[in-house]
Amino acid sequence: MTILMTFHTVAKLRKLVNLVRRFSIMQHHVQQIKLDMQSYFEKSVSAVQPDSLIRNAITVKDNVLIVQDRQYPLRKNGYIIGFGKAVLGMARETERILGDNLCTGIISIPEGSQETMKNNANVHSILNSKVKILEGGRNNLPDKNSEEAARQIKKLVEGLNQNDLLIVLVSGGGSALLPLPLPPITLEEKCRAIKLLASAGANINELNSVRKKLSVLKGGGLARLAYPAQVISLILSDIVHDPLDLIASGPTVLNKDSPDIPLNILRKYSLLDKIPASIKQCLNSAHSVQKGQVDLDNIEKNFNAQNVIIGSNLTAVSAVADAAIHSDYHSVIMSTEIEGLVTEVGKMYATVATSICSVLHGSQCDLHAVFQSISRQFTIRNKAGEEVLYALHYMKAKKGICLVAGGETTVIVKGSGLGGRNQELAMVFARCMNENAESHPFLNQFHVVLLSAGTDGIDGPTDAAGAFGYGNQFKAASKQNLNPIEYENNNDSYNFYSELNEGEDLVVVGHTGTNVMDVHILVIEPHTSNV
């Protein structure tokens, strides 16, 4: 009897040891997957560094500046202004290319950018620079410092003449770094209105449509003030579809919006009764252009401002796809135009992941129908579903599949927590995968990890670019006495990920000096036979 009990005890111990060993190996493998995914993300950021994008966009030959198919004589008549998260690197490289033909310049960049970027090899350093650097826009929000930078930029461009050449450098974050509200609107009032819209779930297009109508410089205002100087705008896009009139709220692009669009947006979110009276007055006025400004329609008859997109989300997403291929994954680009609420986008990624695992497991699943369904709500590449099916058919030749997408999601803020859209998207995805695993136990046979991060390195008012999301996070949270649902309801994704596993699932890279929206990386890998 004792011997039999000993055999049973030994068998139980062996089973326990095997389970612990299996869990340990699985955890180690997830850590390796996360390391690989972060390296893919970092390569995507490297692919959109501003210095290389500027070099590809402009050249100088025999004192002539060449931009695409247009040429501009250089006679020490160059001026640089810029605003955005990538503008420091853009300005440095532009100054190097122009050389002695640059007279002066002013750029408005995020607070702390110079300190963060001083050791960045991608930012060309020029001693005795002619470009004045002003920092502001703390936490991605307009402030008095960025407003002062906008005033100085306005003063510079107003003094230009027809022989001058103005190079405008624009990147994501430009709206917060070029705030100059139309009188009598104050910066505080404008910020309050935009915050109300953002909290209600307005997307970037809607936010910038309103901003254009409330600004001296946005919506073509900068081009009006620079006339009759020649204007070249070099733009790093951070908006889906790359709409010139909405990137940084289109300071060098004619605002062709119908006058009632901003009011209709405020009505859509039931905010007309909540915005300051000065803003109502401005939007209701048929003459929102300041007295004395030249009409941009008239300017375009005599002068054509050249607006050039020099980089976009596709550049970053393609770099991820290439890196994944070199790591022995099948790689598929799903989209560069993902928009919508994080609750819906997170659910969509979980549906795709669960469906792929179902096919790999041998369960019945019409993946083609799944992609058709999600394409009705999200902009997905036409061939993405076919490419995924092809990858699954030849999965044995690879270690897994990596789906890549980009875009910009939105969050409806209901709580008082701290976070950003990328961290919240990862958290929603983790919740959905945890819920799916309850009804689909085969999901436990796969490693499924989502990385969602902003290419600017900053997700909301936090020091993280984003986070990793995966189903087992909820089990880990339970063991650590964390309630992820409470964090999600309070829009507190940053504090959730900071406390979970000592913050190891946060993606922290610091200011990157660039910005082309967000990158989403979804890796699905079957457990190996030796695990």
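The following paragraphs examine the structure supplied in this document. All values derive from a computational prediction rather than experimental measurement.

Conventions used here
- Residues numbered from 1 in each chain as written.
- Predicted model: local features only at pLDDT ≥ 70, side-chain atom pairs only at ≥ 80, totals over all residues.
- Heavy atoms only, no water.
- Helix = DSSP H or I, 4+ residues; strand = E, 2+ residues; numbered from the N terminus.
- Buried < 20%, exposed > 50% of the residue type's maximum accessible area, 1.4 Å probe, protein only.
- Contact = heavy atoms within 4.5 Å.
- Areas by Shrake-Rupley, 256 points an atom, 1.4 Å probe, with all protein chains shown as cover.
- Axes fitted to C-alpha atoms, helices over the stretch in contact; angles between N-to-C directions.
- Parallel < 35°, antiparallel > 145°, perpendicular 65-115°, else oblique.
- Left-handed = near helix turned anticlockwise from the far one by under 90°.
- Nonpolar A, V, L, I, M, F, W, Y, C, P; charged D, E, K, R; others polar.
- Arc of directions from axis to C-beta.
- Phe/Tyr/Trp six-rings, centres within 6.5 Å; stacked < 30°, edge-to-face > 60°.
- Lys NZ or Arg CZ within 6 Å of the ring centre and 35° of its normal.

On a plain count of helices and strands, the protein chain comes out with 20 helices and 15 strands. By the burial criterion, 55% of the 531 residues in the protein chain qualify as buried. Long-range pairs, those at least 24 residues apart, make up 82% of the contacts in the protein chain between residues at least 6 apart in sequence. Accessible area of the protein chain: about 23600 Å², with a carbon and sulfur share of 49%.

In contact at an axis separation of 10 Å, helix H7 (residues 187–200) and helix H8 (residues 204–213) are set at 160° when each is read in the N-to-C sense. With respect to H8, the element H7 is oriented roughly antiparallel. With respect to the hand of their crossing, H7 and H8 are arranged in right-handed fashion. Here Lys190, Ile194, Leu197 and Ala198 of H7 come into contact with H8, specifically with Leu207, Val210 and Arg211. Its residues assigned to classes, the contact of H7 with H8 shows 5 nonpolar, no polar and 2 charged.

Residues of helix H10 (residues 261–268) that are buried: Pro262, Leu263, Ile265 and Leu266. Taken end-on, H10 shows its buried residues confined to a sector of 160°, consistent with a single buried face. Two residues or fewer past H10, Ser270 is found with a positive phi of approximately 55°.

Right, let's get into the packing of aromatic side chains. Within a pair of aromatic rings, the relevant descriptors are the distance that separates the centres and the angle that separates the planes. Taken as a whole, this structure holds 3 aromatic pairs when the rule is applied. Seen in terms of ring centroids, Tyr390 and Tyr394 are 4.8 Å apart; in terms of plane orientation they differ by 50°. Their pairing is tilted. A ring pair is formed by Phe496 and Tyr497, whose centres lie 5.1 Å apart and whose planes are at 70°; its orientation type is edge-to-face. Here the two residues Phe496 and Tyr497 agree in accessibility, since each one is buried. The structure contains a cluster of three or more aromatic residues connected by ring pairs, namely Tyr487, Phe496 and Tyr497. A cation sits over an aromatic face here: Lys34 above Phe468, 5.7 Å from the ring centre.

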